[in-house]
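A look at the structure
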Amino acid sequence: MHGSAERSVEHADAEPAPAGHACAHDRSEGGCAACKVRLVSVCAALTSEELAGLEALSQHVHLDPRQALFQQDDRAGAVYNVTEGALRLSRLLPDGRRQVMGFALVGDFLGLALPERFTVTAEALAPTALCRFEKGAFAGLVTRTPHLLQRLYERAGHELTLAQDHMMLLGRRTAEEKVASFLLGLRARYGRIGHESITVELPMGRQDIADHLGLTIETVSRMLTRLDREKAILIVPGGVRLMDIPRLEGLAAN
């Protein structure tokens, strides 16, 4: 959390990737060109030669669960690409309450926005790996690579859609509609990175979901139990199985 005595990774020295290293994305030889995550990230727009240039700029970052990548108000000196795991993006409000703004999944970029300081705290929800790029060097690469800029515009549009969806979730919807919309939205995001399944992994806890949806943890637990009892979902270890998608879609459409 913001204000913790622990230093974030952004305040620590990132370890440069040695020449000829095994790519941290999938732990195999071949570097960025062999990275499976590349196909679902903006890196897919790059040629082999451009990928080599990107890899030369990268540093590998590994986080343990609950470890902060950066804190709210840290200097935004780097851009990150999530290659494994998931992160919670939260903001500390002036009255001390926490608002979970969203969750970063595999393929997501962090730090692309213009502000000089991060507006959220990013904390790992599970063992997480990222590629770190110094912001100035990354901006130079984008300037030299127009098709990468196009992919970043597309990514920015996707993030804007997520922000708009979040605003709708916080609007005039019942608790049940919010939870159903959240589960379907998460399923759609997993689908974008090739994880098509009726089982939706929930690396975040129920308190995180509550803080994201503007509900209490008791309400989130009650809604999940109700949907499970009505056989719309099945609560399983580590996530939920969507048993009646039309029913959930009906709730989300309200």
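Identification of the protein as CRP/FNR family transcriptional regulator from Methylorubrum thiocyanatum is taken from an unreviewed UniProt entry.

One recurring pattern in soluble globular proteins: nonpolar side chains tend to sit buried together. In this structure, F182, L183 and L242 are the most contacted members of the largest nonpolar core, which totals 34 residues. Put simply, the parts of the chain that give this core at least two residues each are β5 (98–104), α4 (175–192), α5 (206–213), α6 (217–229), β11 (239–242) and α7 (245–253). Apart from the residues within four sequence positions on either side, L183 is in contact with V200, L202, L224, I233, V240 and L242. Counting 18 residues, the second largest nonpolar core, distinct from the first, contains L63, L69, F118 and A122.

Turning to unusual backbone geometry, a few remarks are in order. Of note in the backbone geometry, R66 takes a positive phi value of approximately 75 degrees without being a glycine. With respect to the secondary-structure elements, R66 resides in the loop between β1 (58–63) and β2 (68–70). If you check the backbone angles, D73 has positive phi at about 80 degrees while not being a glycine.

What follows deals with the sheet that holds strand β7 (residues 121–124). As summarised here, the arrangement of the four strands in space is β2-β7-β4-β5, forming an open sheet in which the pairing is antiparallel. The two strands at the open ends of the sheet, each matched to only one other strand, are β2 and β5. Averaged over all neighbouring strand pairs, the angle between strand axes comes to 30 degrees, with direction disregarded. When strand β4 (residues 87–92) meets β5, the two strands line up antiparallel, connected through six bridges. From the neighbouring strand, R88 faces β5, where its bridge partner is F103. α5 contacts β4 and β5 of the sheet and is inclined by roughly 105 degrees relative to β5.

For the rest of this paragraph, the subject is the packing of α4 against α6. Where α4 contacts α6, the axes come no closer than 9 Å and their chain directions differ by 75 degrees. The orientation of α4 with respect to α6, classified from their angle, is roughly perpendicular. On α6, the residues touching A175, E176, V179 and L183 of α4 are T219, M223, L224, R226 and L227. A breakdown of the residues in the contact of α4 with α6 according to their chemical character gives six nonpolar, one polar and two charged.

Attention now goes to the packing of α4 against α5. Geometrically, a packed helix pair is captured by the angle between its two axes and the distance between the axes. At a closest axis distance of 11 Å, the pairing of α4 and α5 adopts a crossing angle of 110 degrees. As judged from the angle between their axes, α4 and α5 are roughly perpendicular. Read as a crossing pair, α4 and α5 show a hand that is right-handed. Of the residues in α5, those touching α4 at K178, V179 and F182 are I209, H212 and L213. Tallied by class, the residues present in the contact of α4 with α5 amount to four nonpolar, one polar and one charged.

Looking along a regular strand, one sees side chains alternate from face to face of the sheet. Between β4 and the antiparallel strand that follows it, β5, lie five residues; G96 among them carries a positive phi value of about 95 degrees. Note: β4 against β7, four bridges, orientation antiparallel. In the strand pairing of β7, L89 is matched with A122.

This part covers the sheet that holds β1. Adjacent strands of a sheet pair through backbone hydrogen bonds, lying either parallel or antiparallel. Reading across the sheet, the four strands line up as β1-β8-β3-β6 and stay open at both edges, with antiparallel pairing between neighbours. In the strand order of this sheet, the two ends are held by β1 and β6 (109–110), each with one partner. Where strand β3 (residues 78–84) meets strand β8 (residues 128–134), six bridges bridge the pair, whose relative direction is antiparallel. In the strand pairing of β8, E84 is matched with A129. Each of β1 and β8 touches helix α1 (residues 48–57); the most contacted strand, β1, lies at about 55 degrees to it. Helix-sheet contacts for helix α2 (residues 135–144) involve β3, β6 and β8, and the interaxial angle to β8 is about 75 degrees.

Applying the stated criterion to the full structure yields five aromatic pairs. Taken together, a centroid distance of 5.8 Å and an interplanar angle of 35 degrees make the contact between F109 and F138 tilted. Placement of the pair is F109 in strand β6 and F138 in helix α2, with a sequence separation of 29 residues. Here F109 and F138 have matching classes, each one buried. Residues F133 and F138 carry aromatic rings whose centres are separated by 5.5 Å and whose planes lie at 40 degrees to one another, so their mutual orientation is tilted. The buried category is assigned to F138, whose relative accessible area is 4%.

What counts as what
- Residues numbered from 1 in each chain as written.
- Predicted model: local features only at pLDDT ≥ 70, side-chain atom pairs only at ≥ 80, totals over all residues.
- Heavy atoms only, no water.
- Core = buried A, V, L, I, M, F, W, Y, C linked by side-chain atoms within 4.5 Å.
- Buried < 20%, exposed > 50% of the residue type's maximum accessible area, 1.4 Å probe, protein only.
- Helix = DSSP H or I, 4+ residues; strand = E, 2+ residues; numbered from the N terminus.
- Contact = heavy atoms within 4.5 Å.
- Pairing = 2+ DSSP bridges.
- Axes fitted to C-alpha atoms, helices over the stretch in contact; angles between N-to-C directions.
- Parallel < 35°, antiparallel > 145°, perpendicular 65-115°, else oblique.
- Nonpolar A, V, L, I, M, F, W, Y, C, P; charged D, E, K, R; others polar.
- Left-handed = near helix turned anticlockwise from the far one by under 90°.
- Phe/Tyr/Trp six-rings, centres within 6.5 Å; stacked < 30°, edge-to-face > 60°.

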